Amino acid sequence: GDSVTQMEGPVTLSEEAFLTINCTYTATGYPSLFWYVQYPGEGLQLLLKATKADDKGSNKGFEATYRKETTSFHLEKGSVQVSDSAVYFCALSEKGAQKLVFGQGTRLTINP
Amino acid sequence: ETGVTQTPRHLVMGMTNKKSLKCEQHLGHNAMYWYKQSAKKPLELMFVYNFKEQTENNSVPSRFSPECPNSSHLFLHLHTLQPEDSALYLCASSQLAGYNEQFFGPGTRLTVL
């Protein structure tokens, strides 16, 4: 079945550092890919998405590119802020499927 | 109210209690979902409702009983829970089941003693 694998956390960085959180997936078809973010005490919020190969999703300085050849959707940000501290989830959804398949989440802490 | 709301935000219950979680979406969506988020485990989809009809039950024990009286409201009735059921229960909605983008509520933190 479909699955998503994220890099193990927690990840701790200093403010203004470059961020990469790796995400790879296994799917039978051509899924849409998502990054969700969960701030402390809150539910999940959609951060960005890509619906086909080579699409780049971007939002709030974060970017991820849908790489079909490597089945990856790595999240990047050039300069992180303390306010980016959260748990980040990579997810996929097959076309017409009723559910999102999530990775295990990566906790990110940014120190001032 | 906007988005997806959930009440209560925190709930502590004994194993013999009966309680209910409530979710309401103000987005005009037609599909609603219950997820369970436990520590160190991926989010687990529990139930999917599309136009008030249950379309997916992900092998959830019968001590969890969902109810969807209309497209805006979703309940999760709880009875004779176990301590391992302690988790964050998240509700989500989307325009249609199978529509990619889901919007989540803040969750109910459940503790079973």
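Calculation rules
Residues numbered from 1 in each chain as written. Chains lettered and ligands numbered in written order. Predicted model: local features only at pLDDT ≥ 70, side-chain atom pairs only at ≥ 80, totals over all residues. Heavy atoms only, no water. Helix = DSSP H or I, 4+ residues; strand = E, 2+ residues; numbered from the N terminus. Rg over C-alpha atoms; globule rule 2.2 N^0.38 Å. Buried < 20%, exposed > 50% of the residue type's maximum accessible area, 1.4 Å probe, protein only. Contact = heavy atoms within 4.5 Å. Disulfide = S-S within 2.5 Å. Salt bridge = Lys/Arg side-chain N within 4 Å of Asp/Glu carboxyl O.

Enquirer: How would you explain the overall build of chain A if you had to name every residue and give the values?
Expert: Broken down by element type, chain A carries zero helices and twelve strands. In terms of overall size, chain A behaves like a compact globule, its C-alpha atoms giving a radius of gyration of 13 Å where 112 residues would be expected to give roughly 13 Å. Projected onto its principal axes, the C-alpha coordinates of chain A cover approximately 40 × 30 × 20 Å. Put simply, chain A has 112 residues, and 45% of those count as buried.

Enquirer: Could you give an account of the environment of Leu78 of chain B, with specific residues and numbers?
Expert: Residue and element names in this part refer to chain B. Positionally, Leu78 belongs in strand E8 (residues 73-79). Since its relative accessible area comes to 2%, Leu78 is described here as buried. Taking the C-alpha atoms as reference, Leu78 lies 5.7 Å from Ser20; in sequence the two are 58 residues apart. Other than its neighbours up to four places away in sequence, Leu78 contacts Leu11, Met13, Asn17, Lys18, Lys19, Leu21, Arg63, Phe64 and Leu110.

Enquirer: Please set out the state of the cysteines residue by residue, giving values where relevant.
Expert: All names here are of chain B. Evaluated as defined, the whole model comprises two disulfides over all chains. With a sulfur-sulfur separation of 1.9 Å, Cys23 is cross-linked through a disulfide to Cys91. What sets the handedness of the Cys23 and Cys91 disulfide is the S-S torsion sign, and at about -75 degrees it is left-handed. A residue pair is termed long-range when its members are at least 10 positions apart, and Cys23 in strand E3 (residues 18-25) and Cys91 in strand E9 (residues 87-94) qualify at 68 residues. Across the pair, Cys91 and Cys23 agree in class, each one buried. For the unlinked cysteine Cys68, the closest cysteine sulfur is that of Cys91, found at 9.0 Å. For Cys68, a relative accessible area of 11% corresponds to the buried category.

Enquirer: Explain the pattern of salt bridges to me, and be specific about the residues and the numbers.
Expert: All names here are of chain B. Enumeration according to the criterion identifies seven salt bridges over all chains in this entry. In this structure, the salt-bridge partner of Glu44 is Lys41, at a minimum N-O distance of 3.5 Å. Judged by its relative accessible area of 28%, Glu44 falls in the partly exposed class.

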